[in-house]
Amino acid sequence: MSYRGTDVDILDEDQLFQEDLFAFAGGTEIEPEVALRNVQTKGVDVRNFLTRGNTEKALATAIENPPYGSNTTDAKDQNTKIVMEVLNSIKATDIPSLVRNLTLEQQDVLMKYIYRGMASPELYNSAVLLNWHEKLTEITGVGCIVRVATDRRTV
């Protein structure tokens, strides 16, 4: 007789496929073409905010609704470029106030993009990313790092 109400053995990482892991994390799969179209529209909005000097709105727009999913690599790459463009355009002195104005979820998504950028040092400015990482960790603590490291949804 089993005393467990939930069969935890079915949640073993080795037994689950990537789609199952994503569904278990609470995500809904989006079509790659739709994700790419959404990111392209977001890119136009972000550039408009940047040209008007509204970096806070540009950052919030760039990191909202990231293209999660296993078949959305083009959209993920393009959205990463958009986020990096925003991070590079913000002065170091403005970072703490911008980070404080983000919600907890937005801070976690921002950390995901910082790590994504650090994974490609030939494409993105590591010094800028390290500065963002430092300021973000000062404000959010190590909890943000732990949440990002354990989240199965990648950007």
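Relevant structure appears above.
Here we summarise the structure given alongside this text. (Residues numbered from 1 in each chain as written. Predicted model: local features only at pLDDT ≥ 70, side-chain atom pairs only at ≥ 80, totals over all residues. Heavy atoms only, no water.)

Glancing now at the overall build of the protein chain. When helices and strands are tallied, the protein chain shows eight helices and zero strands. When burial is assessed residue by residue, the protein chain has 37% of its 155 residues classed as buried. Put simply, 72% of the contacts in the protein chain that link residues at least 6 apart link residues at least 24 apart. Of the roughly 9200 Å² of accessible surface on the protein chain, a fraction of 51% belongs to carbon and sulfur atoms. (Helix = DSSP H or I, 4+ residues; strand = E, 2+ residues; numbered from the N terminus. Buried < 20%, exposed > 50% of the residue type's maximum accessible area, 1.4 Å probe, protein only. Contact = heavy atoms within 4.5 Å. Areas by Shrake-Rupley, 256 points an atom, 1.4 Å probe, with all protein chains shown as cover.)

Let us look at the packing of helix α6 (residues 104-118) against helix α7 (residues 126-140). Their axes nearest at 10 Å, the elements α6 and α7 cross at an angle of 150°. Classified by the interaxial angle, the pair formed by α6 and α7 is roughly antiparallel. Note that α6 runs across α7; the crossing there is left-handed. Where α6 approaches α7, its residues Gln 107, Leu 110, Met 111, Ile 114, Tyr 115, Gly 117 and Met 118 are matched on the opposing element by Leu 129, Leu 130, Trp 132, His 133, Leu 136, Thr 137, Ile 139 and Thr 140. (Axes fitted to C-alpha atoms, helices over the stretch in contact; angles between N-to-C directions. Parallel < 35°, antiparallel > 145°, perpendicular 65-115°, else oblique. Left-handed = near helix turned anticlockwise from the far one by under 90°.)

Attention shifts here to the packing of aromatic side chains. All chains considered together, the criterion is met by zero aromatic pairs. Lying over the aromatic face of Tyr 68, Arg 153 brings its terminal NZ or CZ to 4.7 Å of the ring centre. (Phe/Tyr/Trp six-rings, centres within 6.5 Å; stacked < 30°, edge-to-face > 60°. Lys NZ or Arg CZ within 6 Å of the ring centre and 35° of its normal.)

What follows concerns helix α2 (residues 32-51). Spanning 20 residues, α2 covers 29 Å between terminal C-alpha atoms, matching the ideal 28 Å at 1.5 Å per step. Taken together, the buried positions of α2 are occupied by Ala 35, Val 39, Lys 42, Gly 43, Val 46, Phe 49 and Leu 50. Seen from one end, α2 has its buried residues packed into an arc of 130°, which puts them on one side. Exposed residues pointing more than 90 degrees away from the buried face of α2 are listed as Glu 33 and Thr 51. Where α2 is buried, its residues meet α3 (55-63) and α4 (73-89). (Expected span 1.5 Å × (residues − 1). Arc of directions from axis to C-beta.)

Turning our attention to unusual backbone geometry. For Asn 65, which is not a glycine, the phi torsion comes out positive at approximately 50°. In this structure, Asn 65 sits in the loop between α3 and α4.

Grouped together as the largest cluster of nonpolar side chains are 33 residues, with contacts concentrated most on Leu 59, Ile 63, Val 86, Leu 87, Leu 110 and Trp 132. Residue assignment for this core shows that the elements contributing at least two residues are α2, α3, α4, α5 (95-100), α6, α7 and α8 (142-150). Other than its neighbours up to four places away in sequence, Ile 63 contacts Val 83, Leu 102, Gln 106, Val 109, Leu 110 and Tyr 113. (Core = buried A, V, L, I, M, F, W, Y, C linked by side-chain atoms within 4.5 Å.)

Right, let's talk about the environment of Val 39 for a bit. For Val 39, the location among the structural elements is in helix α2. Residue class for Val 39 comes out buried when judged on its relative accessible area of 2%. Expressed as a C-alpha distance, the spacing of Val 39 and Asp 77, which sit 38 residues apart in the sequence, is 9.7 Å.

Here we take up the side chain of His 133. Locating His 133 in the fold gives a position in helix α7. With sequence-adjacent residues up to four places away left out, His 133 is seen in contact with Met 111, Ile 114, Tyr 115, Met 118 and Ile 145.

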